[in-house]
Each structure stands twice: as structure tokens, then as C-alpha cells.
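The residues making up each chain are set out below.
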Amino acid sequence: MSRSALRICPLCEATCGLTLTIEGTRVTHARGDRDDVFSKGFICPKGASFGAVDSDPDRLRTPLVRRDGELREATWEEAFDAVAAGIRPVVERHGPHAVGVVLGNPNVHTMAGGLYPPLLLAGLGTRSVFTASTVDQMPKHVSSGLLYGDANAIPVPDLDRTDHLLLIGANPLESNGSLCTAPDFPGKLKALKARGGTLVVIDPRRTRTARLADRHIAVRPGTDALLLAAMARVLFDEGLIEPTPHVEGVEELSAALRDFTPEAVAGACDVDAGLIRTLARDLAAAPTAAVYGRIGSCTVPHGTLASWLVDVLNILTGNLDRPGGALFPQAATDRTPRPAGPGRGFALGRWHSRVSRHPEAKGELPLSALAEEIDTATEEGEPVRALIAVAANPVLSAPDGDRLDKALASLDFMVSVDPYLNETSRHAHVVLPPPPPAQSPHHDFAFNTLAVRNQVRYTRPAVPLEPGRMAETEILARLILAVTGMHGADPGAVDDMVIGQTLGKAVTEAHSPVHGRDPRELAALLTGVDGPERRLDLMLRLGPYGDGFGATPDGLTLEKLLAHPHGIDLGPLRPRLPQPLKTRSGRVELLPGPIAADLPRLRAALAESPEGLVLVGRRHLRSNNSWMHNVPALTGGSNRCTLHINPEDAERLGVEDGAPVRVRGAGGEVTAPAEVTDAIRRGVVSLPHGWGHDRPGTRLSHASADPGVNVNQLLDGRALDPLSGNAVLNGVPVDVAPATAPGGPALTEKHTALT
Ligand SMILES: Nc1nc2c(c(=O)[nH]1)N[C@H]1C(S)=C(S)[C@@H](COP(=O)(O)OP(=O)(O)OC[C@H]3O[C@@H](n4cnc5c(=O)[nH]c(N)nc54)[C@H](O)[C@@H]3O)O[C@H]1N2
Ligand SMILES: Nc1nc2c(c(=O)[nH]1)N[C@H]1C(S)=C(S)[C@@H](COP(=O)(O)OP(=O)(O)OC[C@H]3O[C@@H](n4cnc5c(=O)[nH]c(N)nc54)[C@H](O)[C@@H]3O)O[C@H]1N2
Ligand code: SF4
Ligand SMILES: [Mo]
């Protein structure tokens, strides 16, 4: 007997609603949920393989605890005992900063990851916090923090209504979109063109997205900030400015960008000055327009400036906060909107990393610095001696995995919350495996704040927890208790504490719908089968669409959401300024001090136009970072770890299609087969990330059979965007040679040699 169940797909940021077919406890089929209020039936090959991802036989079923050097199956009780015994002495002996925390990408794709990590960090009180954000979007957080006073206030392009979309460093036809949650991004781009709109794509590769575009500009990697600055310069010079209201600093900005004329940047960007003028004029002339930048413009030396300039262009053309432009979504679980007015502002560099003195950003240190924070002693402070990794595989996702690999092996204690024994978790003393997605509830705390339409959806587990499994929410609650000296306490106490604190604060706030009420009475009104559901109910009811615990009787509650299994549509994005602003001025601060102070570095880049090859990344639709190469249905075909190289470069270097090539960077060397293609511009080569599954001690039977190489071994971790601490992953100088070239150094794949 088969049945069907709804489940929001957690495999990328698009958050499509799926209809799963379930036989017994096994997901046998997945299709798009046509009634989903947001995704309306869209599905991609990854979502269609939900069942295979869910039932991968290599997923761990029980906790593992290291005994006599070997990871062995253990009970949950033994595992949490080991965690408490491993972490507490490090805190007591060396202080909280000696315990590092690494949070990986899937934390933004699980309910557990949305609800518990903030408590883990607060409970530990550690400053040794590293996340995937500093190999990804930290530049955007910093730019938003500086412009709007809120690092999480990220405007998203109004894909459904815009007349003109400029995509820079993004390939949503493969990635399905990022910092812009839009199921069926490809369909939305096609609809834009069908309604007479214009699509411009700036990317050194002629991607599937670029092929859809009216105009594709193959910029030299790493120079987006120059290109965007020159576009802003053209807007000023040609009197095309019509700034968004609530903005200050327009004249100062004009002065600050004086040197960045199209002629001045053309050489570095390798883009014709006349074309840059056209780009700016077209942007200004469009009835509505949105500039949107992603990985390719973030993970570069001027990532924060490029991210800032994306918003600057939207602001100068009046497109920020207007329909068809770029708007701030309003999610159902956002905090109760406070009245507009000055806020606390955004601070950077409140503390620094111990070894290289990197400034913190958003409370985080650069993931690139994790290895040195473990393996390097300094006069001041303690190295990281114990590590808590939740949904993170930095050995593959961060620069110089070999060094990190060795550093992790030297830790006094490490715990990984991870479904796989992989390149990172193999170093753990305890592995706590979460259940597969079909057995987990789902709500998108993060992605609804980045969605192109306001909506809210929640799906309960499609399949009950298998015997012996523990919900990831409970795993994280127990982990918090174990590492904060409350080992063994009821995990529900963690949720009750949050509920008590949140309500206790809300009743004191004049703008809260529960102002002046009794927090205990309110807590008793919450519904839900467990702590996480009660917390979701709490957030929905206090949120912008909530029932305010009766203040708005037809408002949102968990009960109401459960009655709408395909979700509740909350309408198109709406102008919201000045309410979201939390700057000290209460206005959009167009030229913040730290940005102005970084402009001389950009000015220096005007003179750069490197002769050698530079490396960029790429994504494949059927993959996801480092953890989907173990699913046979999603590997093979064009999803391969090959080096894309332009025919002219290949010819010059003697590289043949399909033959192995050696790629060398500051951090090491790898060898991968060449794929000669004119889809990549001259002077640029591309390798995907997330490969390199050939280390011993993992349990990834399919992935390790076709391991690929770790592109991040080409990096030494020293190249960062200084404002955000974000790793430079694109535009990286490399040397390329045929692996068979005579006279070259012996071919050593550094990482295999070391393990
Ligand atoms: N060169 C290069 N490097 C890159 C990038 C690039 O473009 N180029 N991209 C960067 C980006 S954008 C990112 S976000 C990072 C990602 O970096 P990471 O977050 O470190 O990597 P992921 O591969 O996403 O792996 C996450 C881990 O989570 C585990 N996992 C999967 N599902 C769950 C779950 O439900 N719960 C838990 N607890 N764990 C789970 C996986 O097994 C895996 O170990 O990589 C970055 N690295
Ligand atoms: N299929 C799939 N989907 C994913 C992921 C995945 O691994 N696979 N990962 C998810 C994650 S964690 C994220 S953060 C998102 C990322 O989402 P996107 O940002 O859309 O990701 P990419 O496909 O890497 O696109 C980045 C593009 O930037 C280009 N580029 C490189 N350097 C430069 C440059 O200097 N300037 C410009 N203008 N372009 C440049 C690259 O050629 C590439 O086409 O994708 C998410 N979705
Ligand atoms: S686009 Fe993303 S969310 Fe939608 S089905 Fe594919 S992987 Fe899942
Ligand atoms: Mo990411």
C-alpha cells in the first residue's frame, strides 16, 4: 500500500513543495506539488531524486563514538556522555574560546539548524565561530549591515515583475538561485523575456543562464566591483540618478567614485568602455530593473565592494524597495516589525582572530582561518582544542583542506552532527547522525526571508522516525545541554527557556501585540506536538502576519498553517522602507565608513590585468556542494570534476581534451581531466568544488569510486576579502600544464600524499 505525503525540498534554496510517494517507510517517488502556493509543481532532478538521497545506504543510522582510535556504533546515551566528557574539560581548563564551532550550509536547510545554533553559541560563549558564510555570502551581509544597519536585510530581485534583470556572478539555471529564493528560477527568467523584459548576464563563462540572456558579458574574474563602480559613475555623469527615498550620502558617493570611469576600468575588466556605458544607460532607462549578484561577485578580493555596488546601482536608479526592483521580503517568522527610526547600526571587527588578527564579521571569524586557529600557538589566547561541527565539511569546502585535515586530527576532541562519515566527520570522536529528510519536519526560517514572494509553509515529517533515530532538533538540544554543563537535562527545557525569554521580552515592548500581557499565560496558549513546533507557533503568532495571541484573531498560528498543507500565500513583495533600517541615522547610509576606506584598494586594482590564467568555480544542477556525490542517480553524465579550458588556452599550453592536466595554485596542486570548451573565456579555467572523496576512513562508497579532486587544495587560505573575511574562491591565479608534460615536477596530488 502506498500513500503520499508533502515535504518541502531541503536540497537547495528554491524550497519547492514535493509530493512524495511512500511505500511502508520508504520514499519511492517524488514529484512537484502542483498545489504548493509558491513552487506550483516545479521540481528539478535533485528534488526528483529525493528518495535516493533520503535512503542512501551510507547514511549513518546510529551514533559513532571513538574507542581505541576507532569509530564504533554506540547508543545515544553513550554518545552524549562522550560529548560532555570531551568538551567540558576543555572549557574548564582553557576557556570557552578553545572550543570552536563550525556551522555548514545545511543548517539553513533544516529546522534544527534554524532553531538551535544561536543557543549553542550563546551557551558556549565562544568567539571561535566559523561558518560556510565566509566561503559564500558574508560580503553581502557586511554590505547590508553597513547600508541598512542589519546584516540580514538583503533585498531580492522582484523576478516576477521586473523589466530588466542584470545577473552578475550567478548561474541560477544550475544553482536554482541563492539569496533569492525562487522555485522555477529558469521559468521566471523565460517569463521575463516573454513579457518583453531584458536579461543581462555577466559571467566569465557562457553558462546555461548566459545562453538565455539578451546580452552576455564575459568579464575578467574578480573585477565585478570595478565594472559596477563604472556603471555607477556613468549614472552620475549622465544625470541618470533618481535615488530611492530615505537615502543619505549620494553626493559623497559621487565624489568617491570619481576615478572609476568606464575607460579607467575597461582594461582590468576586459570589457569595452562603450559597453559599460550601454549597461548603465539600459539599467537607468528600464521602467523597473534589478541588479543581482551572487557567488562569482562575492567570493572575490573585492566581494564586499561588489555586493555593496549591486545595491548602490539599485538605489541610484530608484529600484530599491519598489515593485519590479529589489525589495526586502517579509517572512512570517520575522520579528514583530518595530516602528521605523534610528537603530544600533552595524559594527565590524569587535574582536579579532588570534593568529592572523582577522576582524570578526557578524560574530564570525573566516573559515579560511580555522586551520591556523587550531594548529598555531600564539602568546595571546588559546588555540582551538575542541571542535563542534554541525552539517559542515570544511575539509572540502574551505581553502587548504590538507592543512585542515591535519589540524582536525590533532584536536583533543571533536563532535560532528552529520549523516555521513566523510572527509571532515572522520576526524570526530563522536558522530551524531540526524535522520534523513523524510523523517524530519521542515520550515524555511532562512529562505523565506529571501523569497521573491511572501509565503509560509510547514511540513511535518513525511515518515515517522525509525526506531533508534533521534530528531535533529533533539540532537542539537541535547548537544547544547551536554556542552554547557547541563548534560542529561530534559531537552524540552531548551525550548521552554527560549519561549520564556522571548515572551518575557515581547510583553515589555510597546510595539508588540502582547505588550503588558502575562508571559506564562501566553506560553500556555502555544500549540504543537513538541518544542520545535511550539517555537514555530510562537514566532508565527508574534510575527508580522501573526494572530498576536488574539490581538488579530484571523492572523497566523501554527494551527492555521497546519490547516493549509500546501502553504499560505502572503502576497507579492511590498515596499517597506524605512521600517527595516537599523542604521544609527535611520536612513540608508550609502557610503559607509568601512566601504569608503576600502575604495583605495579598488582604485589600485585599476592598474591590474593579470597575464596568467585564473581559476573560477562552477556548479552542476545534479550536485550540491560536497555531499551529493554519493547518490548514483545524481552523478555521471556532465556532472564531472573536469577542468574547463578555452580552446585557445588549451592549444597554447598543449592541453588536449580529456587528457589529464596539472593545476597548481598557492596551496597545492591537483590533476583533473581537461574539458576543452569555448563556453569559458580565454585566460580562465574552471573546476567545480566539493570533490576529492579519496581520503581514507570515510563511508562514501559511491563517491569514493569517482572521487574527483579538491579544487580548494589550490588555495592556501590567505586570500580574503578584508572587510568580510570571505575566502577568495574565484579569480584565483593558477598554472596549468599537461600532466604528461616532460620536465615538469613529479606528479603528486598533495592530499593523497599526505594521508
Ligand atoms: N572552491 C569553492 N569552494 C566552495 C564554494 C565554491 O563555489 N567554490 N562554495 C562555497 C559555499 S557557497 C558553501 S555554502 C560551502 C558549503 O560548505 P559546507 O557547508 O562545509 O559543505 P556541504 O557540502 O554543504 O556539506 C555540509 C555537510 O552537511 C552534511 N549534511 C547534509 N544534510 C544534513 C542534515 O540534514 N543535517 C546535518 N546535520 N548535516 C547534514 C553533509 O553530509 C556535509 O558533511 O562550500 C563553499 N566552498
Ligand atoms: N546544483 C547546485 N545548486 C546549488 C549548489 C550546488 O552546489 N549545486 N550550491 C548552493 C549554494 S551553497 C549556493 S551559495 C548557491 C550559489 O549560487 P550561484 O551563485 O548561482 O552559483 P554558481 O552556479 O556557482 O554561479 C556563480 C557563477 O559566477 C561565475 N563567476 C566566477 N567568477 C566570477 C567573477 O569574478 N565575476 C562574475 N561576474 N562571475 C564569476 C561562475 O562562472 C559561475 O557561473 O547555489 C546553491 N545551489
Ligand atoms: S530546485 Fe531545489 S528545492 Fe526545488 S526540487 Fe530542485 S533541489 Fe529541491
Ligand atoms: Mo552556499
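Above this text is the structure in question.
The structure presented is a predicted model; accordingly, all values stated were derived computationally and were not measured.

Draft legend 1. Representation of the packing of aromatic side chains within the structure. Evaluation of the coordinates by the stated rule reveals 3 aromatic pairs. Here the aromatic rings of W76 and F80 are separated by 6.2 Å at their centres, their planes lie at 25°, and the arrangement is stacked. Separated by 4 residues within a single helix, W76 and F80 lie in helix α3 (residues 76–94), roughly one turn from each other. Relative accessible area serves as the criterion here: at 13%, W76 is assigned to the buried category. Measuring from ring centre to ring centre gives 6.3 Å for F185 and Y292, while their planes differ by 40°; the resulting arrangement is tilted. Pair noted here: F185 is in helix α8 (residues 185–194) and Y292 is in strand β13 (residues 290–293), with a separation of 107 residues, a long-range link. Each member of the pair F185 and Y292 is classed as buried. Its guanidinium or amino end placed over the ring of Y116, R535 lies 5.0 Å from that ring's centre, counting from NZ or CZ. Here the basic side chain of R541 rests over the ring of F549, its NZ or CZ set 4.5 Å away from the ring centre.

Draft legend 2. How the structure looks around the site of ligand 3. Taken together, C9, L11, C12, A14, T15, C16, F42, I43, C44, K46, G47 and N176 make up the full set of residues adjacent to ligand 3. Each residue belonging to the shell around ligand 3 can be placed in one class, and the counts come to 8 nonpolar, 3 polar and 1 charged.

Draft legend 3. Structural detail: the sheet that holds strand β28 (residues 732–738). Ordered by their spatial adjacency, 6 strands build a closed barrel running β21-β25-β22-β24-β23-β28, and the pairing between neighbours is mixed. When the angles between neighbouring strand axes are averaged without regard to direction, this sheet yields 45°. Here strand β23 (residues 660–665) runs beside strand β24 (residues 668–676); their pairing, made up of 6 bridges, is antiparallel. Its bridge partner being in β24, R662 is matched across the sheet by T671.

Draft legend 4. A look at the packing of helix α15 (residues 303–316) against helix α24 (residues 593–605). Across the interface, α15 lies against α24 with an axial gap of 10 Å and an inter-helix angle of 115°. Regarding the angle of α15 to α24, the classification is roughly perpendicular. Here the hand of the crossing between α15 and α24 comes out left-handed. Packed against α15, whose contacting residues are T304, L305 and W308, the element α24 presents I595, D598, L599 and L602 at the interface. Partitioned by chemical class, the residues of the contact of α15 with α24 number 5 nonpolar, 1 polar and 1 charged.

The rules behind each value
Residues numbered from 1 in each chain as written. Chains lettered and ligands numbered in written order. Predicted model: local features only at pLDDT ≥ 70, side-chain atom pairs only at ≥ 80, totals over all residues. Heavy atoms only, no water. Phe/Tyr/Trp six-rings, centres within 6.5 Å; stacked < 30°, edge-to-face > 60°. Helix = DSSP H or I, 4+ residues; strand = E, 2+ residues; numbered from the N terminus. Buried < 20%, exposed > 50% of the residue type's maximum accessible area, 1.4 Å probe, protein only. Lys NZ or Arg CZ within 6 Å of the ring centre and 35° of its normal. Near = heavy atom within 4 Å. Nonpolar A, V, L, I, M, F, W, Y, C, P; charged D, E, K, R; others polar. Pairing = 2+ DSSP bridges. Axes fitted to C-alpha atoms, helices over the stretch in contact; angles between N-to-C directions. Parallel < 35°, antiparallel > 145°, perpendicular 65-115°, else oblique. Left-handed = near helix turned anticlockwise from the far one by under 90°. Contact = heavy atoms within 4.5 Å.

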